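# Reading the structure
Take a look at the letters that make up each chain.
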Amino acid sequence: IYEVIRRPVISEKSTAMSEAGSRYVFEVATQANKIEIRDAVQRLFSVKVRAVRTMVMHGKVKRMGRSEVKRPNWKKAIVTLVAGQKIDFFQK
């Protein structure tokens, strides 16, 4: 499970998506497919997943002194849950 899902992506846009329509964003392994991501989220958070959308985020080219270095590509998954369910990353 932890090899498939690396970490949740906490940003302003992903927080708005989770509050509006129970959609959550995760950084996942680049080799993981939608079925593996769905199973991992269901087992890890004990929720029912309705849909999974994936996209590859291409690494940016950054300057380090005189040379340019390319950051690695990473895969992002947007997981939609069944209505009425939610994931609480910051439990009180």
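My aim in this report is to walk through the structure given alongside it, one point at a time. (Residues numbered from 1 in each chain as written. Predicted model: local features only at pLDDT ≥ 70, side-chain atom pairs only at ≥ 80, totals over all residues. Heavy atoms only, no water.)

A word on the pairing of strand E6 (residues 74-81). By the criterion of burial, E6 is predominantly enclosed, with 7 of the 8 residues buried. The pairing of strand E2 (residues 23-28) with E6 spans 6 bridges and is antiparallel. Opposite Glu27, over in E6, you have Lys76 as the bridge partner. Where strand E3 (residues 49-57) lies against E6, 8 bridges are found, and the strand directions are antiparallel. Directly across from Val52, in E6, lies its bridge partner Val79. (Buried < 20%, exposed > 50% of the residue type's maximum accessible area, 1.4 Å probe, protein only. Helix = DSSP H or I, 4+ residues; strand = E, 2+ residues; numbered from the N terminus. Pairing = 2+ DSSP bridges.)

Attention now moves to the nonpolar core. Grouped together as the largest cluster of nonpolar side chains are 17 residues, with contacts concentrated most on Phe26, Ile37, Val41, Val79, Leu81 and Ile87. Elements with a contribution of two residues or more to this core: E2, helix H2 (34-45), E3 and E6. Not counting chain neighbours up to four residues away, the residues in contact with Val79 comprise Ser22, Arg23, Tyr24, Phe26, Ile37, Val41, Val49, Ala51 and Val52. (Core = buried A, V, L, I, M, F, W, Y, C linked by side-chain atoms within 4.5 Å. Contact = heavy atoms within 4.5 Å.)

Paired through their backbone hydrogen bonds, the strands of a sheet run either parallel or antiparallel. Pairing within the open sheet is antiparallel, and its 4 strands lie in the order E1-E2-E6-E3. The sheet is open, and its two borders are formed by strand E1 (5-8) and E3, each paired with just one other strand. For this sheet, the mean inter-axis angle between neighbouring strands, taken without regard to orientation, is 30 degrees. For E1 and E2, the ladder comprises 3 bridges, and the chain directions are antiparallel. Looking at E2, one finds that Arg7 is bridged to Glu27. Its contacts with the sheet place helix H1 (residues 12-21) against E2 and E6, and it is angled at close to 140 degrees to E2. The strands that H2 touches are E1, E2, E3 and E6; relative to E3, the one it contacts most, it runs at about 125 degrees. (Axes fitted to C-alpha atoms, helices over the stretch in contact; angles between N-to-C directions.)

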